[in-house]
Each structure stands twice: as structure tokens, then as C-alpha cells.
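The lines below spell out each chain.
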Amino acid sequence: MIRQSFRQMKIWPLTMLLPIIPAAAAFLILRDDAVSFIRWWLALTVPGLLFLPFSANFFAQSPDRGFLFAKPLGLALPGLAIWTLSYLGVLPFKALPIWCAILAGGALIHVRPENRLFWKRTIQKPSVMVHFALEETLFGSSLLLWTFARGLSPALDSLEKFMDYGFMMSLWRTSFLPAKDMWLAGSSINYYYFGQYLMTYWAKAAGIHPEKAYNLAMASLFALTLCLSFAIALLIGVEIRKAYPRTHRAFPMTFAASAAVLLTVGGNGHIFYYGGNPVGNWLHRLFTRWGLPVGELNLERYWFADATRYIGYNPDTADKTIHEFPYYSFLVADLHAHAVNLILVLLVLAFLMILIQKIPGTRIIIAGLEIDRRIVLLSVLLAAFMMGNYWDFVIYFAVACLVLLLSNDHPESRVAVGIALPLTAAQAILLMAPFLLLENAFAAVLAFGFAALFSQMAATRFPHPLTNTGAKACLTFLLAHLVALPFNAGFEPIAKEIRRTVSQTPIIQLWILYGFLLIACFVFILDTLPIGKVHSTEPNPPATPGMKLPSSEKLLLAFTVCGLALILIPELVYVVDIYSGDYKRANTMFKFTYQAFVMLSFVLAYVPTAFLLVRKNRKESPLRPLVGMLLLLLFVPSLLYPIRVTTQWLGRFELERYQGIDGIAPFAQKDSVSIAGVRPGELADDYAAIQWFNDQVTGQPVILESFGDSYTDYCRISAYTGLPTVMGWQTHEWLWRTSKATPDAYQKVVLPRQNDVRTLYTSDDEALVRQLINQYQIRYIVIGDLEREKFPILDTEGKPTGQTAVNEFLLSSLGEVAFSSGNLTVLSIP
């Protein structure tokens with residue numbers, strides 16, 4: 001033992017040099033981008049180290065003392081502070097205040113004596129330091145891998161990238177929040193953009209312009225997803241070993257590695273049946289012979305997006321849906337709400353793990369009330385969901401409620417369930433009624449406060465697991481809305497109407513997508529339950545009536561129940577938005593099944609590894625390891641996806657194919673489908689104008705460029721500069737401006753502005769044009785090929801004549817040429 005400790009003491013300092021390997025490799029692989037890569041990495045690592053003692057207070061039972069969790073905490077908590085203070089007009093959203101907030105947060109953490117001693121105690125534990133080095137190397141290596149992947153296809157000109165980059169650029173130019181909407185001049189962004197804010201906050205801290213920071217941010221999402229899922233599973237695995245001492249010591253790391261790979265790069269089951277696997281193809285043909293609606297099998301045309309556009313598309317029906325998963329998000333690289341919020345989702349899952357445990361010393365006093373600080377931090381993270389991806393707020397508040405029920409202290413009930421049920425129903429009604437009915441954020445918070453007060457009184461007067469859970473849930477809901485109040489006060493909520501689903505998914509199609517996950521859930525439930533069976537060997541197992549499970553398995557059970565519910569809910573109801581007809585439940589299924597995949601990936605990783613390595617008692621069947629080997633086959637459908645499709649989108653991973661991480665530069669070489677003809681480099685003049693705007697124009701003066709359909713090259717100047725234009729992508733603005741107050745946003749907001757832009761470009765009435773310029777306070781007018789294409793002269797049959805209706809003569813008389821390149825001119829209006 002002494003010799004082993006000595007060996008550890010001699011070797012562990014060398015392991016601290018391991019992160020140098022990916023840092024040095026960056027200079028060979030990324031070349032000119034290596035310095036930006038290192039700065040970006042350090043801008044997360046330094047706050048993470050400052051917040052590590054804070055993280056260790058919550059994750060002390062983890063082998064790494066919360067090292068990986070400190071990274072998102074060091075990013076999110078100071079980021080949320082700057083967000084709030086900037087909304088209140090106290091601090092500007094700039095690099096200096098950002099670093100002041102980070103350092104102030106670190107100083108406050110180290111004020112506590114136990115936190116000041118953290119480093120001294122940690123350095124004396126070689127095993128913990130080795131974890132630090134290995135995990136930092138894992139993060140750096142995965143960050144390097146996906147930075148290189150983004151450099152293979154860095155262009156930011158497809159799918160949602162215009163919107164996401166436009167948000168970043170508007171935030172980059174902004175000093176005080178809310179940020180201006182780059183596609184609706186005179187308005188602030190009326191969407192959930194905290195995720196894009198957080199990445200821009202990171203970019204400002206690192207001093208890296210968004211043209212590179214965007215792709216570094218996508219690489220970070222990949223790396224953090226891999227590392228955080230690893231850390232969560234490791235935490236669960238350690239708890240499993242404590243609950244079942246006969247478990248093999250390799251289980252925590254095996255489970256952690258499996259969960260990290262499955263969640264980060266795994267896919268759904270579609271590719272198993274349609275992607276060339278002989279067994280899956282045989283099953284598809286068998287289903288076809290049975291007359292089941294499984295659509296066509298065309299092995300020569302399999303495309304990576306097919307796995308996310310299957311229900312409603314093959315076979316073609318009037319119920320088209322979306323069912324994405326994280327690796328698809330990393331491939332297409334949209335810095336969208338569901339993807340950016342993933343790192344905070346994993347942080348919430350980690351806090352749910354420690355919330356379900358019995359950890360002493362977690363109470364703090366706020367305004368005379370004793371509150372669990374885990375609930376406070378959970379509320380803060382849920383508030384970030386409210387501002388970053390509202391769907392996740394709804395989903396994980398429900399998950400948190402279930403976990404709160406499972407983690408209940410279960411005081412001796414002084415009332416029967418017959419009394420507790422109506423009281424809990426009253427708690428829920430008092431909470432949900434103002435949530436659904438009140439539009440005013442301040443009035444809603446007051447109502448939530450009343451619900452929390454009533455719930456606490458009910459739990460105190462009538463103690464019961466249900467009323468106790470209701471009180472904690474109401475408090476969590478109230479605290480989350482208090483944190484998000486500065487944002488919600490100026491936000492016009494998008495409609496929350498819920499309707500009954502008209503079309504249901506054929507069961508066979510759900511099986512094709514999620515069958516392997518469903519099997520894992522079934523086996524987990526079968527192995528863990530029936531209720532009342534005692535598995536735990538803990539000295540003092542949780543006294544949950546009828547379910548004596550260790551906390552880690554309770555959490556996995558919560559993941560199972562909630563994941564299955566999220567797959568089922570879109571088959572029953574959907575949330576109404578602007579998408580109607582064939583696509584009415586597409587968004588609901590997208591957001592719900594995305595999070596189902598996240599939670600069920602942990603269950604999928606757990607089941608085979610548990611059968612192989614976890615020993616719950618001495619009487620287990622000797623066939624259990626054999627069953628575990630068979631269950632490993634459940635990994636196959638998920639892991640086929642990255643093997644088959646990665647190069648379809650990114651191409652071969654070869655050093656000579658690396659283009660760099662500047663996401664705007666490829667725009668100059670693009671052949672735009674929005675411009676007639678085939679000519680690479682059609683947008684070179686537009687790229688030059690974008691560079692001029694970014695180099696020469698400060699602040700956010702209004703520009704005029706042509707509006708356009710979503711997912712086209714229109715509105716490229718506003719997206720790539722963050723300068724607001726009169727009207728941008730129409731479908732996006734239609735969605736963002738649709739609310740109870742403005743149910744017909746297209747007719748009242750979008751269409752009038754489109755008509756004004758058309759008038760500005762084509763009218764012969766100088767007085768009217770000047771009036772509109774003054775109305776929108778337009779400072780620059782862009783006239784390029786896209787504007788000429790957008791407003792053609794039509795013949796008597798309504799067909800383009802090849803000539804443009806843009807009145808360049810009149811527009812030129814209103815200002816002077818500020819910039820010109822080829823066919824594009826930028827006019828400056830005095």
C-alpha cells in the first residue's frame with residue numbers, strides 16, 4: 001500500500017502535463033487557428049478553476065470533486081450575472097465587466113475558509129489530481145477533434161446559421177441588453193436567445209470575433225456534452241458501487257464512457273433499418289411483407305438527415321415531424337436553442353443526481369426561510385432554460401418534480417393520502433393557472449409567490465410526501481421566474497395553446513426510431529422492480545414506501561419514466577405555433593423526443609454495463625453476464641449512425657482538407673441559388689460589403705436590404721454584421737412576433753414591412769421614399785444582385801423580364817456611395 005502510494009506520488013505530477021498534448025497538437029492540426037483555439041480553451045478553463053471549490057461543495061462524492069461541472073458553472077453563473085446587470089442597465093456587456101464578474105465570483109467563493117483550503121487538501125490527493133489531468137485532456141482532445149471537424153466545413157450559410165450568427169453579431173455589437181433584432185429594425189429580439197448570448201459572452205471574454213467563435217462554440221458543445229455526460233454517469237456509477245459493494249470496480253468508468261459516447265455521437269435506430277445493415281434491411285423487408293407502413297428502402301440514396309425526417313416522409317403522409325438528436329445537431333452545426341442549451345441540460349441532470357441524494361449541510365437561510373441551496377441553483381438553471389430554450393424549462397421542471405418526489409425526506413405523514421391529494425391538486429392549480437393565463441411578468445411572479453406561500457403552509461400543516469413535493473416545486477418555479485424577470489418583463493410570450501393530436505405515429509415507426517431504447521427501458525424496469533423488492537445494501541437505505549432503491553437507480557428510473565413520457569406526449573397533444581397543416585406537431589415532437597434521447601441514453605448505457613459488472617446480491621444467476629453481452633447489441637443501432645454518415649456532411653477527416661474556422665470567408669465563393677444562373681463567387685461583393693461594415697461601422701445603425709424567405713441568402717448583410725434591417729427572414733419574424741396579443745403577426749407585422757421595403761426599392765415617389773427612410777431611421781442602403789433579383793420587372797403574364805424594378809437612380813440621389821464592390825453599392829444616407 002505504501003509502495004503504491006509512493007508510486008502515485010511520483011507519477012501524478014507528470015500526468016498534469018497531459019493537457020499539453022492536445023494544446024501542442026492544435027498547432028499541427030489547426031495551424032493559424034491554434035492561437036484562437038488556445039485562447040478559447042483558456043477562457044473556459046480559468047473560470048472553471050475559480051469556480052471549482054463551489055462545484056466541489058455539491059459534487060464532493062464524485063472522484064473528480066466536480067471538476068468537469070465547474071466548467072459550465074464558471075461559464076453560466078457569471079454569464080447570468082452580466083446578463084441580468086446589463087438588462088438592468090448597471091453593467092455593459094463588454095470584456096472588462098465580464099472578467100470582473102468572473103473574478104468577483106471566484107473571490108466570493110474563496111472567501112469561505114473551507115473553499116480556501118480546497119486546493120491544499122486537493123493537491124494532497126494524487127487520485128483527484130490525476131482525474132483533473134485526465135479529464136482536462138479529454139476535454140481538450142474532444143474540443144480539438146470537433147474544431148478540426150468544423151474546419152472541414154466551416155461555412156455559416158445554411159439552415160438556421162444566419163439566425164444564430166445574426167444573434168451573435170447583434171450581441172457582439174451590443175453594450176446593454178436586450179439585444180436588437182437584426183431582422184426587425186427598432187425592436188429587440190423577441191426570442192429565447194440566452195444560449196447565443198452565452199456563446200457571445202464566451203467570445204468577448206476570449207477576445208475572438210464571432211466569425212471564428214461560432215465554430216469554436218459548436219466544437220465546445222460537442223466537447224462539453226461528451227465530458228458532462230461522462231461526469232454524470234461517473235457520479236451515478238460511484239453511487240451504484242456504494243449501494244452494491246460487490247460491483248466490479250471498473251463499472252463507473254465503463255458506464256461513464258458508454259454514456260458519453262452514446263449520448264454525444266449516437267443516433268436513433270433509423271439507420272439500422274435503412275442504412276445498409278443486413279439484419280436491419282432483412283427486418284425492413286419482413287415488415288413490408290407484413291403490410292406495415294415502413295416506407296421505401298433505398299440503400300443508394302441514404303442521407304444523414306433521413307434519420308431526423310422519417311415520420312411523415314417515408315411513407316409520405318400529412319403528418320410530417322422532426323426527431324433529432326445531439327450528434328445530428330453537432331453535424332449540421334446550427335448554434336440553435338436546443339443545441340446550446342444542451343450543456344445546461346446536462347448540468348441540471350447532474351444537480352438532479354445530487355438532489356435525490358441525502359447530502360447534509362445543503363440548507364441556507366434566505367429572508368428568514370430555510371432553503372435547500374441545491375433547489376436554489378436548480379431554479380437558477382431552470383431560469384436560464386426559460387430564456388434560452390423554453391421547451392426545456394417545461395420539460396425539466398416536470399422532471400425535477402418527479403425527482404423531488406423521489407428525493408423527499410418523507411416526514412411522518414400526519415394526514416392520509418385522501419387529504420394530501422386535493423391539497424397537492426390545489427398547489428398545482430395555484431401554480432399553473434397564472435402560468436397559463438397571466439401575460440404580465442410581474443403579476444405572474446406575485447401569483448407564483450402566493451402559490452409558494454400556500455404550498456409551504458400546506459406542507460407544514462399537513463405533512464405528506466405529496467404536499468412536501470408541491471411546496472418544493474412551487475418554490476423552484478417562483479425562484480426561476482424571479483431570476484428570469486428582467487428578461488420576461490420585456491418579452492412578449494409566444495402562445496401556449498395546447499391541442500389534441502390529430503394524427504398518431506404508426507407504432508412500427510416509433511419502434512424503428514426508438515426500439516433499442518425501449519428495450520433498454522423495459523429491461524431496466526424488469527431488473528429494478530417490482531416495487532417492494534429490496535436491492536440496496538446501504539446501511540440506511542432510503543425509506544421510500546414500496547420502492548427501496550439506491551438514489552442512483554431512482555434517478556435512472558426518473559429518466560426512464562420521463563423519457564418514455566416525452567416520446568408518448570406528442571402522440572396525444574401538441575403545442576400550437578405558426579406551423580400548421582402537415583407540420584403542426586413537428587416542433588413539439590422535435591423538442592420532446594430530443595430530450596427523451598438525452599435521458600434514455602443514460603439508461604441505454606447503464607443496462608448492459610450493469611448486467612456485466614454490477615452484482616446486487618449473492619444469489620444472482622450466473623447467466624447474468626451472458627445476458628449483458630447480448631444486451632450490448634443494443635448499442636449497435638446507435639453507433640451505426642456516426643460510422644455511416646459523418647463523412648457525408650463533413651467529408652474525409654484529412655489534414656489537407658482543413659479550411660479553417662472562419663465561417664464567413666466561404667461566403668465569397670458561394671454560388672447562390674437565390675441568384676439566377678450558375679456562377680461560383682456570386683456573393684464575393686456581398687462578402688466585401690460585410691467586411692466593410694464590420695470594419696468601419698460601429699454601433700447598430702439601421703440598414704436597408706431586401707427581405708426574403710427563411711433559409712435563403714437574403715438578409716445576409718444583417719445576419720453577418722448584426723446591423724438591423726427593416727425586414728428580414730419572414731417565417732422567423734412571423735414566429736417570433738406571434739403571441740396572444742398579436743395572433744396574426746404575418747398580416748400585422750411582417751407583410752406591412754415587406755411592402756415598405758418594396759416601396760423603398762421600387763417607388764418613383766421621392767417624398768414617400770424619404771418618409772419611409774425617416775420612419776425606420778435608415779442609415780445605409782444596400783443595392784446588390786440579391787436586391788435586383790428580389791424586385792424584378794414582370795411582364796403581362798407575371799413572369800420576370802430579366803430587368804430589375806429597383807430604382808437605383810432615385811436611391812443614389814438620396815445619399816452618397818459609402819462602399820462599392822463590383823455589382824454591389826452601399827449608399828450612406830445623411
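Everything that follows concerns the structure shown earlier in this document.
Computed from a predicted structure; not experimentally measured.

**Observations concerning the overall build of the protein chain**
Point 1. A tally of regular secondary structure across the protein chain gives 36 helices and ten strands.
Point 2. By the compact-globule yardstick of 28 Å for 830 residues, the protein chain fits well, its C-alpha radius of gyration being 28 Å.
Point 3. Across the 830 residues in the protein chain, those meeting the buried criterion constitute 59%.
Point 4. By sequence separation, contacts in the protein chain at least 24 residues apart represent 73% of the contacts at least 6 residues apart.
Point 5. For the protein chain, the distance from the average position of its 65 positive side-chain charges to the average position of its 58 negative side-chain charges is 15 Å.

**Things to note about the sheet that holds strand β9 (residues 816-821)**
Point 1. The four strands lie next to each other as β5-β6-β10-β9, forming an open sheet whose pairing is mixed. With partners counted over all chains shown, the strands left at the sheet margins are β5 (702-704) and β9, one partner each. When strand polarity is set aside, the average angle formed by the axes of neighbouring strands in this sheet is 20°.
Point 2. With four bridges joining them, strand β6 (residues 778-783) and strand β10 (residues 824-828) adopt antiparallel strand pairing. Looking at the pairing, Ile781 lines up with Leu827 of β10.

**Examining the pairing of β10**
Point 1. Taken across its five residues, β10 has five buried, putting it largely inside the fold.
Point 2. Of the two faces of β10, both are covered, the one formed by Leu824, Val826 and Ser828 as well as the one formed by Thr825 and Leu827.
Point 3. Here β9 folds back onto β10 in antiparallel fashion, the turn holding two residues, of which Gly822 has a positive phi close to 60°.

**Notes on helix α13 (residues 251-265)**
Point 1. With 15 residues, α13 extends 21 Å from end C-alpha to end C-alpha; this agrees with the ideal 21 Å at 1.5 Å per step.
Point 2. Listing the buried residues of α13 in full gives Phe251, Pro252, Phe255, Ala256, Ser258, Ala259, Ala260, Leu262, Leu263, Thr264 and Val265.
Point 3. In this structure, the buried residues of α13 make contact with α12 (210-243), α16 (326-332), α18 (342-355), α27 (586-613) and α29 (635-650).

**Considerations on helix α28 (residues 624-631)**
Point 1. The set of residues buried in α28 consists of Arg624, Gly628 and Leu631. For α28, the angular spread of the buried residues around the axis is 60°, confining them to a single face. Exposed and oriented more than 90 degrees from the buried face of α28 are Leu626 and Leu630.
Point 2. Contacts made by the buried residues of α28 are with α25 (507-528), α27 and α29.

**Describing the packing of helix α10 (residues 161-173) against α12**
Point 1. Packing of α10 against α12 brings their axes to within 10 Å, and their N-to-C directions diverge by 120°. Between α10 and α12, the crossing angle belongs to the class labelled oblique. You can see that α10 and α12 cross each other, and the crossing is right-handed. Between α10, through Lys161, Asp164, Tyr165, Met168, Met169 and Trp172, and α12, the contact on the second element is made entirely by Pro210, Glu211, Ala213 and Tyr214.

**Describing unusual backbone geometry**
Point 1. A cis amide bond, omega 5°, links Leu177 with the succeeding residue Pro178.
Point 2. Note on placement: Pro178 falls in the loop between α10 and α11 (194-206).
Point 3. Each neighbour pair has its own omega, and for Asn314 with Pro315 the value is 5°, a cis peptide bond.
Point 4. Even without being glycine, Tyr711 reaches a positive phi, approximately 65°.
Point 5. Topologically, Tyr711 is positioned in the loop between β5 and α31 (716-721).
Point 6. For Cys715, which is not a glycine, the phi torsion comes out positive at approximately 70°.

**So, the packing of helix α19 (residues 373-388) against helix α23 (residues 465-483)**
How two helices sit against one another is set out by the angle between their axes and by the gap between those axes.
Point 1. Viewed as axis vectors pointing N to C, α19 and α23 meet at an angle of 50°, and their least axial separation amounts to 8 Å. In terms of axis orientation, α19 runs oblique to α23. The hand of the α19/α23 crossing is right-handed. Of the residues in α23, those in contact with Ile375, Val376, Ser379, Val380, Leu382, Ala383 and Met386 of α19 are Lys472, Thr476, Leu479, Ala480, His481 and Val483.
Point 2. The residue makeup of the contact of α19 with α23, split by class, is nine nonpolar, three polar and one charged.

About the criteria used
Residues numbered from 1 in each chain as written. Predicted model: local features only at pLDDT ≥ 70, side-chain atom pairs only at ≥ 80, totals over all residues. Heavy atoms only, no water. Helix = DSSP H or I, 4+ residues; strand = E, 2+ residues; numbered from the N terminus. Rg over C-alpha atoms; globule rule 2.2 N^0.38 Å. Buried < 20%, exposed > 50% of the residue type's maximum accessible area, 1.4 Å probe, protein only. Contact = heavy atoms within 4.5 Å. Lys, Arg positive; Asp, Glu negative; His and termini not counted. Charge placed at Lys NZ, Arg CZ, Asp CG, Glu CD. Pairing = 2+ DSSP bridges. Axes fitted to C-alpha atoms, helices over the stretch in contact; angles between N-to-C directions. Expected span 1.5 Å × (residues − 1). Arc of directions from axis to C-beta. Parallel < 35°, antiparallel > 145°, perpendicular 65-115°, else oblique. Left-handed = near helix turned anticlockwise from the far one by under 90°. Nonpolar A, V, L, I, M, F, W, Y, C, P; charged D, E, K, R; others polar.

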